[in-house]
Amino acid sequence: MNDPTNPPLLLRRNGRPQACDPCRKRKLACDHTQPVCSRCKKRKQDGECVYLASSSRISTSKSPLPSPAPSTPLPSPRRGSLRHPQNNPALTPDTQVSGLFRPGYLGPTSYCNIYEDTENSLSLLQGSDSVATQSESIAHYAPIEGSQTNLSVRVRDLALKVLRNIPDPIQGSSLPYKSGSDSWIYKIAERVVGSLYEVFGDYFSVGSRPTAKLEELARIICANTSRPFSDEESDPDKWFSQFSGKNIRWELIGILSMFWEFVPGSNAEFWKGKRSVKFDRGFRITRENMHLSLDLCKEFSAGNSMMLCLSQRCTIVDSMSVGDADLVVWRTHAETVSLLTFLGFHAVEEKDQHQTSLSTEIKKRLFHNTFSIAMDVVSFTGRPPLISSRYSSTPIPLDISTEDLFSDHDTLMKAVSRLDEKGWNTDGAMYPSTSIRARAIIALIREEIFEIALDHRQNTFPNEFSIETLLQLRSRELSAVAAFPSCLRFDPLEIDNLEVPINHLSVRLFIQQEHLQNMFFIERLLLRFGHQDKGDLLKYVVTFLTHSFLPDYLHSDKFSSFRDSCEWLVMAHAVPAGGILCLELLKPTLHLRPHSDSRITRSNIIQKLSLLVAFLDWVSPSAPNGDLCNDAKSVIQRVLDQTLNAASSIYEPPAVFQWDSSTQLDFNFDLLDTFDWIRPDFPSSQQSNQ
């Protein structure tokens, strides 16, 4: 019950305290000091502060900050203004330096950098008794309680849709493991899912779920999500406690959705010819839950590492749903990069690896995983990258096991002490961080390749400069991969070795593909700039094509972990290589001089392309990248028909190949078109040098 002698503080619609009318008119920060704020006191105003409410002036004395009334909607941090930080209740320690409000990361050219120096000078002159700034008072604002808040109609509908999809405790408690460079997230999900069902299991019982009960849970989760989240917390227990059990947040609901199988048995049917109806339905629910959870995060969260992780995975599931070249994927990827730089994860400074911590390693993993994805997106589309290492200082993450990462500080430091001077583990083990490190190294070199491939000013520079740069990149790529630990080296003979763990084999194969793609880019660009070809391009192309989809297609049971990405693998890796082999059939060079690699023959090329056509035919037209696969298949089939239906000898190209040399082999594929990889542009003089 309210004290009539001490009326409650007036609140704005977003739940924040209302400024007194004199401060509001002058657009000044009100510090809500009782009974008169400091600014009114300086103006010699006696009595109590005056407020404007419901178009009438009322007078009320200040009281300590209360919990919002039942009719108060949840605050929305994302609507915070740079000029009015009081609109953002989810301030973290990162947002304040010397009392200045920081809306996310602000670099050395920002206004904060100047005012920090001014603040420091003022503090030396005024001492420690200066009046607290507005941002300081906001930081002590108590989080709201879920049961005391109302949800807007939109937020309520989004939340109910997510909560109704969550599996019951029996089905949802067991999370299927998924390998990959971000599989360290599995350990987070595994720890959180148990506490979720332990605290809120009654809300997800089998059968009917009363709307009123789910609304109650939605209020709790929304309130939790609006609370500050510290990405500087390095104590694992305290870090987990921010989003576990009763503190569950929408970020973690979305991350758990990555691992939940919403339709039991759907994935097992994936390889029965095409995508099954069960698989598509389960995948649709997964994608929906992840995106809705991210939308709810945007309503209440000021941004954090787990929100970034969720956004990152939304990019992946979008690419698996609508195809990599779609605007939806580009937009989601752009939002991920925007959140990453907003949080400042691109600017992590670390002078010594022994100074690392849980929070630092998480930031490094998320940054370099996002950076690698960004380079993959550029590879596929040929669009300019949305992030650059030129403006980033975050080091590559250390090769530490997930268990050690989430252990106490002493255990983490012992793991760091066992690393070699480059940061690789000396245990000979393959951790998620091992894959992240390898992909990051390859991605950094690929970025330099793209600086040449996408630079439209190349015509203004001598070709020798580009050729020399590319040769240096080729040498660096080979040296970097040669320096990888032995656990990452791919051996094709291991495909049939049942003793090799499939998770390890799939990672090795993927790293090999990333490396071969870099070599493919380099060799193709060297030819563009007139460098003499010694057959290296065909060598990498055949190897690239062999490893890009054959294991998935011919060993579908063993490589089931790649099932969700098979269309992407074939379009990003196999199709560009297939375009080069098509050119070799249209304008043959092997008859002039056999290739040094005995695998590279006209017969072998035809066999590889025929198998590629079969795989492209297997991909459903409705699958992600299905249209692109169909376009590529049509072109390759035309080339094979032209080659195999010719009546005369292949050693008489003019009589056999009546292909218009001015016509581009158009796969309707931005990547190939951008880099001119399937244009019949090989100079005849270079062909004779093969």
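Residues numbered from 1 in each chain as written. Predicted model: local features only at pLDDT ≥ 70, side-chain atom pairs only at ≥ 80, totals over all residues. Heavy atoms only, no water.

(A) Seen up close, the overall build of the protein. From N to C terminus, the protein includes 27 helices and 4 strands. When burial is assessed residue by residue, the protein has 54% of its 690 residues classed as buried. In the protein, of all internal contacts separated by at least 6 residues, the share reaching a separation of at least 24 is 74%. When the accessible area of the protein is evaluated, it comes to approximately 30,800 Å², of which 51% is carbon and sulfur surface. (Helix = DSSP H or I, 4+ residues; strand = E, 2+ residues; numbered from the N terminus. Buried < 20%, exposed > 50% of the residue type's maximum accessible area, 1.4 Å probe, protein only. Contact = heavy atoms within 4.5 Å. Areas by Shrake-Rupley, 256 points an atom, 1.4 Å probe, with all protein chains shown as cover.)

(B) Helix α17 (residues 432-453), seen in detail. With 22 residues, α17 should reach 32 Å at 1.5 Å per residue; the first-to-last C-alpha distance of 31 Å fits that figure. By the criterion of burial, α17 is predominantly enclosed, with 18 of the 22 residues buried. (Expected span 1.5 Å × (residues − 1).)

(C) Spotlight on the side chain of R474. The topology assignment puts R474 in helix α18 (residues 463-482). For R474, a relative accessible area of 19% gives the class buried. Beyond its immediate chain neighbours, meaning those up to four positions away, R474 contacts M519, I522, E523, L526 and D536.

(D) Region of the structure containing the confidence of the model for the protein. When the pLDDT values of the protein are averaged, the result is 76; 69% of them are 70 or greater. In the predicted structure, residues 1-7 sits below a pLDDT of 50 and forms 8 contacts with residues beyond four places in sequence or in another chain. Contacts of residues 127-147 to residues separated by more than four positions or lying in other chains number 38 contacts, the stretch itself having pLDDT below 50. (pLDDT = per-residue confidence, 0-100.)

(E) Region of interest: the nonpolar core. The biggest cluster of nonpolar side chains holds 134 residues, and the ones touching the most others in it are I188, W239 and W250. The element contributing the most residues to this core is helix α22 (residues 566-586), with 14 residues. Once residues lying within four places of it in the same chain are set aside, the contact partners of W250 are A159, V162, L163, A218, I221, C222, T225, S293, L296, C297 and L310. By size, the runner-up hydrophobic cluster in this structure holds 9 residues, among which are W424, F484, C487 and V507. (Core = buried A, V, L, I, M, F, W, Y, C linked by side-chain atoms within 4.5 Å.)

(F) Representation of the side chain of D318 within the structure. Residue placement: D318 occurs in helix α12 (residues 305-322). Overall, the relative accessible area of 0% leaves D318 in the buried class. Setting aside anything within four residues of it in sequence, one finds D318 in contact with R287, H291, G323, V328, V329 and T332.

(G) Representation of the pattern of salt bridges in the model. Scanning the entire structure with this criterion turns up 24 salt bridges. E514 is the partner of R446 in a salt bridge, and the nearest nitrogen-oxygen pair spans 3.9 Å. A residue pair is termed long-range when its members are at least 10 positions apart, and R446 in helix α17 and E514 in helix α19 (residues 502-528) qualify at 68 residues. With respect to class, R446 is no different from E514; both count as buried. (Salt bridge = Lys/Arg side-chain N within 4 Å of Asp/Glu carboxyl O.)

(H) Up close: the packing of helix α23 (residues 602-618) against helix α24 (residues 626-644). Relative to each other, α23 and α24 sit at 145 degrees, their axes nearing to 9 Å. When the axes of α23 and α24 are compared, the crossing they make is left-handed. Across from R602, I606, L609, S610, L612, V613, L616 and D617 in α23, the residues of α24 making contact are C629, A632, K633, I636, Q637, L640, T643 and L644. Here the residues of the contact of α23 with α24 are counted per class, giving 10 nonpolar, 3 polar and 3 charged. (Axes fitted to C-alpha atoms, helices over the stretch in contact; angles between N-to-C directions. Left-handed = near helix turned anticlockwise from the far one by under 90°. Nonpolar A, V, L, I, M, F, W, Y, C, P; charged D, E, K, R; others polar.)

(I) Representation of the packing of aromatic side chains. Within the structure shown, the criterion is met by 14 aromatic pairs. With a centroid separation of 5.6 Å and an interplanar angle of 65 degrees, the aromatic rings of Y186 and F259 are classed as edge-to-face. Of this pair, Y186 sits in helix α7 (residues 184-200) while F259 sits in helix α10 (residues 250-259), and the two are 73 residues apart along the sequence. Note on F259: relative accessible area 4%, which makes it buried. (Phe/Tyr/Trp six-rings, centres within 6.5 Å; stacked < 30°, edge-to-face > 60°.)

(J) Main features of the environment of L28. By the secondary structure assignment, L28 is in the loop between α1 (21-25) and α2 (38-42). A residue is classified by how much of its surface remains accessible, and L28, at 34% relative accessible area, is partly exposed. Sequence separation of L28 and R39 is 11 residues, and the distance between their C-alpha atoms is 8.6 Å. Not counting chain neighbours up to four residues away, the residues in contact with L28 comprise C23 and R39.

(K) Focus on the environment of L310. Note on placement: L310 falls in helix α12. Overall, L310 belongs to the buried group, its relative accessible area being 0%. Between the alpha carbons of L310 and I253 there is a distance of 9.5 Å; along the sequence they are 57 residues apart. Among all residues touching L310, those that are not within four sequence positions of it are W250, E251, G254, I255, M290, S293, L294 and C297.

(L) Spatial organisation of the environment of I316. Mapping I316 onto the fold places it in helix α12. The class for I316 is partly exposed, based on a relative accessible area of 21%. Sequence separation of I316 and V329 is 13 residues, and the distance between their C-alpha atoms is 8.0 Å.

(M) Spotlight on the packing of helix α13 (residues 327-343) against helix α14 (residues 358-381). Across the interface, α13 lies against α14 with an axial gap of 11 Å and an inter-helix angle of 150 degrees. Compared by their axis directions, α13 and α14 come out roughly antiparallel. Where α13 crosses over α14, the handedness of that crossing is left-handed. Together, W330, H333, T336, V337 and L340 of α13 and L366, F367, T370, I373, A374, V377 and T381 of α14 make up the contact between the two elements. Split by residue class, the contact of α13 with α14 holds 8 nonpolar, 4 polar and no charged. (Parallel < 35°, antiparallel > 145°, perpendicular 65-115°, else oblique.)

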